[in-house]
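Chain by chain, the residues run as shown.
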Amino acid sequence: PTRPSSCRFNILHKTLVARLNTCCRLQAMNTAGRNLPKVYITRRIPPDGLKALQQAGSCEIQQWDSDDPVPRSELLKKVSGIHALYCLLTEKIDKEVLDAAGPSLKVVSTMSVGYDHLSLDELKNRGIRVGFTPDVLTEAVAELTIALLLATSRRLIEAVEEAKNGGWGTWKPLWMCGSGLTESTVGIIGLGRIGEAIVNRLRPFGVKKFLYNDIAPREELAAKISVDFVSLEELAKQSDFLLVCCALTPETQGMCNKGLFSKMKRSSVFINTSRGAVVNQEDLYHALANGQIASAGLDVTVPEPLPTNHPLFKLKNCVILPHIASATVETRNAMAALAAHNLLAGLKGEAMPKELKL
């Protein structure tokens, strides 16, 4: 039997309403997608960082999907109209980039502890918030600093080459002798989190004395880990191992120069895992080549990468690494995730996990 017309009408009505609701939801989703804040990521980043951004579902993501830095022209084009920028140390975020981005840009999140690549005055004047990634790489950088110190002081790279090229002959009492840590004096320029972690790792080696210099005495921390504050001149004179762990600022730029090296012991070992520009590399080369200091280990240089024909590469008493202090899988993922969470919090107007106060 046929259904009453009123019944057929009700079924048709329900069907049309359901379809209309579905269309409205899809349109709303599409509209929301178009209105999501736009984020540009300047490099291929560790998976935990990208995952955090994607799972949030609260932003539209564009990315330079390469292990190599984004070309400047591409960066200037892609930042137009974005709301947040996720960058690395390799991108100079200056007036030109900020002008290209326009007034929509509210957040810059850098996957780094250092921020000398950011034009802070420009960011502050435009009211743009900045996130960075301190703390999470402390342990990895401290570990690498110790590894570089040992590789340099015990001449490990030289020894490997001698074993490879046939220089390994009969056992010789004075061959390949380096410097040991036991009963030594270790000096640290910049007693922050990384400096503290280095001291804690070096103490079991039997170091006799730890000294440090900073922009001001860090009395509470120094007392906690038994480190003595001295002038920079005294630090250079007394240290058997001089480790640079400070931030790059106008005050620290080029501070490790011929004046510093001339005061160091001829047997001293110099290590830099902070920023390349803290060191005057020409002065360092002359100090090493002339035997003013015994050796140097660098994880950072100017420029990066350092040209393969640079004079420092020709010295046997200089160990150079390609800026790998934070290069553990765990640390890089933690940095990427923290940068992502800084960015997301900034877009929401919330407190960032780690915000740089401008």
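What you see as residue numbers is a count from 1 along each chain, following the sequence as written. The model is predicted, so local features are restricted to residues of pLDDT at least 70 and side-chain atom pairs to those at 80 or more, both for listing and for counting; the totals for chains, interfaces and linings are taken over all residues. Just so you know, side-chain values use all the structure's heavy atoms and leave hydrogens and water out.

### Description of the overall build of the chain
Counting from the N terminus, the helices are the DSSP runs of H or I reaching at least four residues and the strands are the DSSP runs of E reaching at least two. From N to C terminus, the chain includes 13 helices and 13 strands. Based on C-alpha atoms, the radius of gyration is set beside the globule rule, defined as 2.2 Å times the residue count to the power 0.38. Computed over the C-alpha atoms, the radius of gyration of the chain is 27 Å, more than 25% above the 21 Å expected from 2.2 N^0.38 for a compact globule of 358 residues. Projecting the C-alpha coordinates of the chain onto the three principal axes gives extents of approximately 110 × 50 × 40 Å. A buried classification covers 43% of the 358 residues belonging to the chain. We call two residues in contact whenever any of their non-hydrogen atoms come within 4.5 Å of each other. In the chain, 62% of the contacts between residues at least 6 apart in sequence involve partners at least 24 apart. Only the protein chains shown count as covering a residue, and every accessible area follows the Shrake-Rupley method with a 1.4 Å probe. Accessible surface, the chain: about 18,800 Å² in total, of which carbon and sulfur atoms supply 55%. Charge assignment in this entry is limited to Lys and Arg as positive and Asp and Glu as negative, and neither His nor the chain termini are counted. The atom standing in for a charge is NZ when the residue is Lys, CZ when it is Arg, CG when it is Asp and CD when it is Glu. Here the chain holds 42 positive side-chain charges and 36 negative ones, and the gap between their average locations is 8 Å. Each residue is placed in one exposure class: buried if its accessible area under a 1.4 Å probe, protein chains only, is under 20% of its type's maximum, exposed if it is over 50%, and partly exposed if it falls in between.

### Thoughts on the packing of helix α2 (residues 47–56) against helix α13 (residues 329–348)
Angles shown run from 0 to 180 degrees and are taken between the N-to-C directions of axes, each axis being a line fitted to C-alpha atoms and, for helices, limited to the stretch in contact. Between α2 and α13, the least distance of the axes is 6 Å, while the angle of their chain directions is 30°. Taken together, the axes of α2 and α13 lie roughly parallel to each other. Residues Pro47, Asp48, Gly49, Ala52, Leu53 and Ala56 of α2 touch α13, and the partners they reach there are Asn333, Ala336, Ala337, Ala340, His341, Leu343 and Leu344. When its residues are assigned to classes, the contact of α2 with α13 shows 9 nonpolar, 3 polar and 1 charged. The labels follow the angle: roughly parallel below 35 degrees, roughly antiparallel above 145, roughly perpendicular from 65 to 115, and oblique for the rest. Residue polarity follows a fixed list, in which Ala, Val, Leu, Ile, Met, Phe, Trp, Tyr, Cys and Pro are nonpolar, Asp, Glu, Lys and Arg are charged, and the others, Gly among them, are polar.

### Side note on the sheet that holds strand β3 (residues 84–87)
Across the sheet, 6 strands lie side by side as β2-β1-β3-β4-β5-β13; this open sheet has mixed pairing. Each of the sheet's edge strands pairs with one partner strand only, and the pair in question is β2 (60–63) and β13 (355–356). Strands were regarded as paired on the criterion that DSSP finds at least two bridges between them. Here strand β5 (residues 129–131) pairs with β13 via 2 bridges, running antiparallel. Of the residues in β13, the one forming a bridge with Gly131 is Glu355. Taken strand by strand, α2 contacts β1 (38–41), β2 and β3, and its axis lies near 150° from that of β2. Seen against the sheet, α13 touches β1, β3, β4 (107–110) and β5 and runs at an angle of roughly 170° to β3.

### So, the pattern of salt bridges
A pair is scored as a salt bridge if a Lys or Arg side-chain nitrogen falls within 4 Å of a carboxyl oxygen belonging to Asp or Glu. Throughout the structure, instances matching the rule amount to 20 salt bridges. Here Glu122 makes a salt bridge to Arg126, at a shortest N to O gap of 3.1 Å. Each of Lys95, Asp99, Glu122 and Arg126 takes part in salt bridges that share partners, so that together they form one network.

### So, the domain arrangement of the chain
How big an interface is tends to be expressed through the accessible area that disappears when the partners come together. What the domain assignment lists for the chain is domain 1 (38–132 + 330–356) and domain 2 (137–320). Using C-alpha coordinates to define each centre, domain 1 is positioned 33 Å away from domain 2. Contact with domain 1, which involves 6 residues of that partner, is made by 4 residues of domain 2. Here the quantity called buried area is the accessible surface, traced with a 1.4 Å probe, that two parts lose on coming together, added over both. Roughly 470 Å² is buried in total at the junction of domain 1 and domain 2, and carbon and sulfur atoms are behind 65% of that figure. When the area that domain 1 buries against domain 2 is broken down by residue, the three leading residues are Val113, Asp116 and Thr331, summing to 70%. Across the pair Asp116 and Arg275 runs a salt bridge whose closest N-O atoms are separated by 3.4 Å. In the analysis that follows, any N or O atom pair within 3.5 Å is treated as a polar contact, provided that within protein one partner can donate a hydrogen and the other can accept it, and provided that, for residues neighboring in sequence, both atoms belong to side chains. In this structure, the connection of domain 1 to domain 2 is made through 1 residue pair in polar contact (both at pLDDT 80 or more). Marked domain ranges trace back to an automatic or database domain assignment.

### Digging into the sheet that holds strand β7 (residues 209–213)
With parallel pairing, the 7 strands of this open sheet are ordered in space as β8-β7-β6-β9-β10-β11-β12. Looking at strand neighbours, the two that pair on one side only are β8 (228–229) and β12 (318–320), the edges of this open sheet. As paired elements, strand β9 (residues 241–244) and strand β10 (residues 269–272) share 4 bridges and run parallel to each other. What sits directly across from Leu243, in β10, is Ile271. The sheet contacts of helix α12 (residues 281–289) involve β10, β11 (295–298) and β12, and relative to β11 the element is tilted by about 145°.

### A look at helix α8 (residues 193–202)
Counting buried positions along α8 yields 7 of 10 residues, so the element is predominantly enclosed. Tucked inside the fold, the buried residues of α8 contact α6 (138–153), β6 (185–189), β7, α9 (219–225) and β9.

### Things to note about the environment of Leu191
Positionally, Leu191 belongs in the loop between β6 and α8. When residues no more than four places from it in sequence are discounted, the contact partners of Leu191 are Glu196, Tyr212, Asn213, Asp214, Arg218, Leu221, Ala222 and Ile225.

### Quick notes on the UniProt feature "domain: D-isomer specific 2-hydroxyacid dehydrogenase NAD-binding" (unreviewed entry) in the chain
UniProt positions are given in the numbering used here, feature names are shortened, and annotations may be inferred rather than shown by experiment. Using the residue numbers shown here, the UniProt feature "domain: D-isomer specific 2-hydroxyacid dehydrogenase NAD-binding" (unreviewed entry) corresponds to residues 146–325. For the annotated span residues 146–325, helix accounts for 32% and strand for 15% of the residues, and the straight-line distance between the end C-alpha atoms is 10 Å.

### Focus: the environment of Phe261
In this structure, Phe261 sits in helix α11 (residues 258–263). On the basis of relative accessibility, which here comes to 0%, the residue Phe261 falls in the buried class. Distance from Phe261 to Ala236, taken between C-alpha atoms, is 7.4 Å for residues 25 residues apart in sequence. Setting aside its immediate chain neighbours within four residues, Phe261 contacts Cys256, Phe270, Val279, Asn280, Asp283, Leu284, Ala287, Gln292 and Ile293.

### Focus: α12
In an α-helix there are 3.6 residues to a turn, and that puts residues three or four apart on one side. Restricting attention to buried positions, one finds in α12 the residues Gln281, Asp283, Leu284, Ala287 and Leu288. For α12, the arc enclosing every buried residue in end-on projection is 155°, short of the 170-degree limit, so these residues lie on one face. Taking the backbone nitrogen of Glu282 as reference, a side-chain oxygen 3.2 Å away marks Asn280 as the first, capping residue of α12. Phi turns positive, to about 75°, at Gly291, one or two residues after α12. Think of it as the arc spanned by the lines of direction from the helix axis to the C-beta atoms.

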